[in-house]
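Chain and residue survey
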Amino acid sequence: MSTENLPQSPGQPPRKPRVAVVFGGRSSEHGISVVTAGAVLRAIDRTKYDVLPIGITQDGRWALTADEPDRMAIVDRRQPTVEQLTEEGEGGVILPVDPANREVVYSEPGAVPKALGEVDVVLPVLHGPYGEDGTLQGLLELSGVPYVGSGVLASAVGQDKEYMKRVFTSFGLKVGPYVVIRPREWERDQSAARKKIVDFAGDHGWPLFVKPARAGSSIGITKVDSLAGLDDAIEEARRHDPKVIVEAAVRGREIECGVLEFEDGPRASVPAEIPPPDAHAYYDFEAKYIDSTPGVVPAPLTPEETAEVQRLAVEAFEAASCEGLVRADFFLAEDGDFVINEINTMPGFTPISMYPKMWQASGIGYPELVDRLIQAALRRSTGLR
Ligand SMILES: Nc1ncnc2c1ncn2[C@@H]1O[C@H](COP(=O)(O)OP(=O)(O)O)[C@@H](O)[C@H]1O
Ligand SMILES: [Mg+2]
């Protein structure tokens, strides 16, 4: 569907596509999502689109929120929340699970539901569980509203560090060594699970990266140097996800590459390098968002290496059946091979984030990026594709 052929009422002037920017959410990346939404709201072309900001609170309520990007920033190291931006009472925004009805309403107990108008496309700028993991995408499929980014399967695969690796491996992409501790394994026999990790360390050496299988923004990840730190690391990971993935450390450089869907298919951006931050043991949450560690764009790679990582990034996009956008993160290992670490189906999208910076360096500025994503979503309809 293009901008020109939106359903119009006879005799009415053509109306602009209405974009619902959905942000916040229940994951630990709530605050970063609000920051991203602020940047998107600032960049979106209001002459071309109508905008409806919908914030999801940390306990999952869909709230009507202020369209005030300036209030959606990190101030004094404190992240913004949807709660601070909520305009109305304790009611919720409802997107009907009815493909024939795109009318969004605001509903409060005891009050007449308030019509908020139709939504033509949803731009979900949510990271992590209940946003980037396929659950929201499932709701949007049921609602019949097109949305920006990957569908249910790709979102779920991109959120789960175990299944992501399994998919990549099956498509011939190289991943680093890992072992998974599933919830039942840990609950039934902790010492057997611990032994599995110790044996893995025996094969691959310390340090190990202990991670929640489905989180993001480095939250819950510990780099463990020896057996002494293992239990604390598992406990910390399990605070975010009962499934834990333990990875051997991949020695090498961290290289990222953006993929964006154009009219003729996905294309890769110039890659970036994330230099090892001095003050942080690895690229952790503080390094990413608080100290805004600068990535080097373009990554200082040979032309062959650049072409290779771009090819692999598009392969990763296709392997997981992604749509719209992806940031593919690699290690350029000491043996010269690119090892894929992960894909992010809704990568950090703030002005200092790597994905927009890589596209900027590839000739596509932030507002154009937002526009291309919305257009890619409007070109698709929901349903199997
Ligand atoms: N196996 C690994 N070897 C070396 N460094 C790693 C490894 N796993 C993670 N890291 C470091 O930790 C950071 C965060 O890990 P990542 O798996 O990307 O988690 P998230 O999904 O939270 O971004 C990476 O950017 C990298 O700096
Ligand atoms: Mg990462």
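Per-chain numbering applies: the sequence of each chain, read as written, is numbered from 1 onward. Lettering for chains starts from A, numbering for ligands starts from 1, and both go in the order in which the items are written. Given that this is a predicted model, residues contribute local features only at a pLDDT of at least 70 and side-chain atom pairs are listed and counted only at 80 or more, while totals for whole chains, interfaces and linings are drawn from all residues. No hydrogens and no water enter the side-chain calculation; it runs on all heavy atoms of the structure.

**Details of the sheet that holds strand β5 (residues 103-107)**
Taken in spatial order, the three strands line up as β4-β5-β6 in an open sheet, and their pairing is antiparallel. Each end of this open sheet is capped by a strand with a single partner; those strands are β4 (92-94) and β6 (114-118). For this sheet the average axis-to-axis angle between neighbouring strands, irrespective of direction, equals 25 degrees. Between any two strands, at least two bridges found by DSSP are needed for them to pair. Numbering of helices and strands starts at the N terminus; helices are DSSP runs of H or I of at least 4 residues and strands are runs of E of at least 2. Inspection of the sheet shows β5 paired to β6 by three bridges, in the antiparallel sense. The axes are straight lines fitted to the C-alpha atoms, using for helices just the contacting stretch, and the angles between their N-to-C directions are given from 0 to 180°.

**Structural notes on the sheet that holds strand β1 (residues 18-24)**
Here four strands make up an open sheet; going across it, the order is β3-β2-β1-β7 and the pairing mixed. Looking at which strands have only one partner, the edges of the open sheet turn out to be β3 (62-64) and β7 (121-124). Recorded for the sheet is a direction-independent mean angle of 30 degrees between the axes of neighbouring strands. Here β1 runs beside β7; their pairing, made up of four bridges, is parallel.

**Digging into the packing of aromatic side chains**
Two rings from Phe, Tyr or Trp (for Trp, the six-membered ring) form a pair when their centres are within 6.5 Å of each other. A pair whose planes differ by under 30 degrees is stacked, one over 60 is edge-to-face, and the rest are tilted. Per the counting criterion, the structure on display carries five aromatic pairs. Ring geometry for phenylalanine 262 versus tryptophan 359: centroids 5.9 Å apart, planes at 50 degrees, classification tilted. Here the residue phenylalanine 262 occupies a position in strand β12 (residues 252-262), and tryptophan 359 occupies one in helix α11 (residues 354-361), the gap between them amounting to 97 residues. Overall, the relative accessible area of 2% leaves tryptophan 359 in the buried class. A centroid spacing of 5.9 Å and a plane angle of 35 degrees characterise the contact between phenylalanine 349 and tyrosine 355, whose relative ring orientation is tilted. Burial classes follow relative accessibility: with a 1.4 Å probe on protein chains only, a residue under 20% of its type's maximum area counts as buried, one over 50% as exposed, and anything between as partly exposed. Exposure remark for phenylalanine 349: the relative accessible area of 3% places this residue in the buried category. Here tyrosine 355 falls in the buried class, since its relative accessible area comes to 0%. A connected cluster of aromatic rings, assembled from ring pairs, spans Phe262, Phe349, Tyr355, Trp359 and Tyr366. By the criterion adopted, a ring carries a charge over it if an Arg CZ or a Lys NZ lies within 6 Å of its centre and within 35 degrees of its normal. The aromatic ring of tyrosine 130 is capped on one face by arginine 26, whose charged end is 3.9 Å from the ring centroid. One cation-aromatic arrangement involves arginine 267 over phenylalanine 262; the distance from NZ or CZ to the ring centre is 4.0 Å.

**Focus on the UniProt feature "binding site: Mg(2+) 2" (unreviewed entry) in the protein chain**
UniProt positions are given in the numbering used here, feature names are shortened, and annotations may be inferred rather than shown by experiment. Following the UniProt record, one finds the feature "binding site: Mg(2+) 2" (unreviewed entry) at Glu342 and Asn344. Tracing the sequence through the fold places glutamate 342 in strand β16 (residues 338-344). When its relative accessible area of 12% is taken as the criterion, glutamate 342 is described as buried. When checking whether two residues touch, look at their non-hydrogen atoms; a contact exists if any pair is within 4.5 Å. Dropping the residues within four chain positions of it, glutamate 342 is found in contact with Lys161, Met164, Arg327, Ala328 and Asp329. Judged by its relative accessible area of 14%, asparagine 344 falls in the buried class. The contact partners of asparagine 344, leaving out residues within four places of it in the chain, are Glu132, Val326, Arg327 and Asp329. Each polar contact in these results corresponds to two N or O atoms within 3.5 Å; when the atoms are within protein, one needs to be able to donate a hydrogen and the other to accept it, and residues that are neighboring in sequence are counted only if both atoms are side-chain atoms. Only 3.3 Å separates the side chain of asparagine 344 from the side chain of aspartate 329, close enough to count as a polar contact.

**A word on unusual backbone geometry**
With omega at -5 degrees, the peptide bond leading from tryptophan 206 into proline 207 counts as cis. Proline 298 follows valine 297 through a cis peptide bond whose omega is -10 degrees. Position of proline 298 among the secondary structure elements: in the loop between α9 (285-290) and α10 (303-319). Positive phi, normally seen in glycine, also occurs at arginine 77, with a value near 65 degrees. Here arginine 77 shows up in the loop between β3 and α2 (82-85). We note that tyrosine 130 has phi near 60 degrees; this positive angle belongs to a residue other than glycine. One can find tyrosine 130 in the loop between β7 and α3 (135-143). Accessibility expressed as a relative area gives 42% for tyrosine 130, which makes it partly exposed.

**Some words on the site of ligand 1**
We define proximity as follows: a residue is near a molecule or strand when any one of its heavy atoms falls within 4 Å of that partner. Close contacts around ligand 1 come from 18 residues, with Lys161, Lys211, Ser218, Val250 and Glu254 the closest. Side-chain polar atom of lysine 211 to an oxygen atom of ligand 1: 2.5 Å apart, as the coordinates give it. The contact in question runs from a nitrogen atom of ligand 1 to an N or O atom on the backbone of valine 250, over 2.8 Å. For ligand 1, whose accessible area on its own is 540 Å², the fraction buried by protein is 95%. If you list the elements that add at least two residues to the shell around ligand 1, you get β9 (208-212), β11 (244-248) and β16. Counted by class, the shell around ligand 1 contains eight nonpolar, four polar and six charged residues. Here the accessible surface of atoms and residues is derived via Shrake-Rupley with a 1.4 Å probe, and residues count as covered only by protein chains that are part of the display. Gly is put with the polar residues, along with every residue not named as nonpolar or charged; the nonpolar set is Ala, Val, Leu, Ile, Met, Phe, Trp, Tyr, Cys and Pro, and the charged set is Asp, Glu, Lys and Arg.

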